[in-house]
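Residue-level structural notes
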Amino acid sequence: MFALRRAALRAAPMAARPALRSFSVAGARLSNAVSHEAEKSFGPGAADGTVPTDLEQATGLERQELLAKLEGRELFDVEPLHMTHLGSVKEPIVVKSHDPIRFVGCTGFPVESHDTIWINLDKTHEHDRCPECGCVFKMDFVGSEHDHHH
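Right, let's walk through the structure included here. Please read these numbers as outputs of a predicted model, since none were measured by experiment. (Residues numbered from 1 in each chain as written. Predicted model: local features only at pLDDT ≥ 70, side-chain atom pairs only at ≥ 80, totals over all residues. Heavy atoms only, no water.)

The subject of this paragraph is the overall build of the chain. The helix and strand inventory of the chain stands at four helices and five strands. Listing each helix as α and each strand as β along the chain from the N terminus yields α-α-α-α-β-β-β-β-β. In the chain, buried positions account for 19% of the 150 residues. The contacts of the chain with a sequence gap of at least 6 include a subset with a gap of at least 24, amounting to 36%. For the chain, the accessible area works out to roughly 11,900 Å², and carbon and sulfur atoms hold 56% of it. (Helix = DSSP H or I, 4+ residues; strand = E, 2+ residues; numbered from the N terminus. Buried < 20%, exposed > 50% of the residue type's maximum accessible area, 1.4 Å probe, protein only. Contact = heavy atoms within 4.5 Å. Areas by Shrake-Rupley, 256 points an atom, 1.4 Å probe, with all protein chains shown as cover.)

Right, dumping it as structure tokens:
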């Protein structure tokens with residue numbers, strides 16, 4: 001049945017085929033519905049007949065990260081947390097985040113005292129606790145309420 005359908009589609013003239021509607025976000029970008037920050041999120045693209053570089057084709061957070069590296073700085077902090085104490089409710093381990101939800105791997109205190117346990121930090125929580133060692137983590141939300149990184 002599918003072979004017959006494919007053969008019929010190939011035989012049909014182009015005008016008889018249904019037109020596909022293209023998707024475009026140019027209207028939103030040109031109407032100022034999107035902030036000017038969004039314009040930095042799009043690269044210029046490659047010239048016709050050439051293969052684009054990473055910088056020319058990157059968008060969004062990837063583009064921001066590449067531009068930061070060109071300036072000689074890191075956009076994201078990828079260093080491990082320095083755990084100088086076991087976090088408590090009065091003195092939690094503070095984790096900065098640009099996203100309202102962040103995963104943190106706890107290995108205990110002193111470091112490597114238990115296997116890595118991944119904890120879901122949420123900006124709506126007062127604090128989050130490791131179920132293995134009881135270490136308390138608190139998120140310091142430094143992002144924008146209107147950023148959508150997903």
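Per the stated rule, a full pass over the model turns up zero aromatic pairs. A cation over an aromatic ring shows up here: lysine 123 above the ring of phenylalanine 141, its NZ or CZ 4.5 Å from the ring centre. (Phe/Tyr/Trp six-rings, centres within 6.5 Å; stacked < 30°, edge-to-face > 60°. Lys NZ or Arg CZ within 6 Å of the ring centre and 35° of its normal.)

Let's shift gears to the sheet that holds strand E5 (residues 136-141). In space, the three strands of this open sheet follow the order E1-E5-E4, with mixed pairing throughout. Two strands bound the open sheet, and with one partner strand each, they are strand E1 (93-97) and strand E4 (128-129). In this structure, E1 lies alongside E5, joined through five bridges in parallel fashion. When the bridges of E5 are listed, isoleucine 93 appears paired with phenylalanine 137. (Pairing = 2+ DSSP bridges.)

Okay, the nonpolar core next. Of all hydrophobic cores here, the largest spans 12 residues; its members are Met83, Ile93, Val95, Val104, Cys106, Ile119, Leu121, Cys130, Cys135, Phe137, Met139 and Phe141. Contributing elements (two or more residues each) for this core: E1, strand E2 (101-106), strand E3 (117-122) and E5. Once residues lying within four places of it in the same chain are set aside, the contact partners of leucine 121 are Val95, Pro100, Ile101, Arg102, Val104, Asp128, Phe137 and Met139. (Core = buried A, V, L, I, M, F, W, Y, C linked by side-chain atoms within 4.5 Å.)

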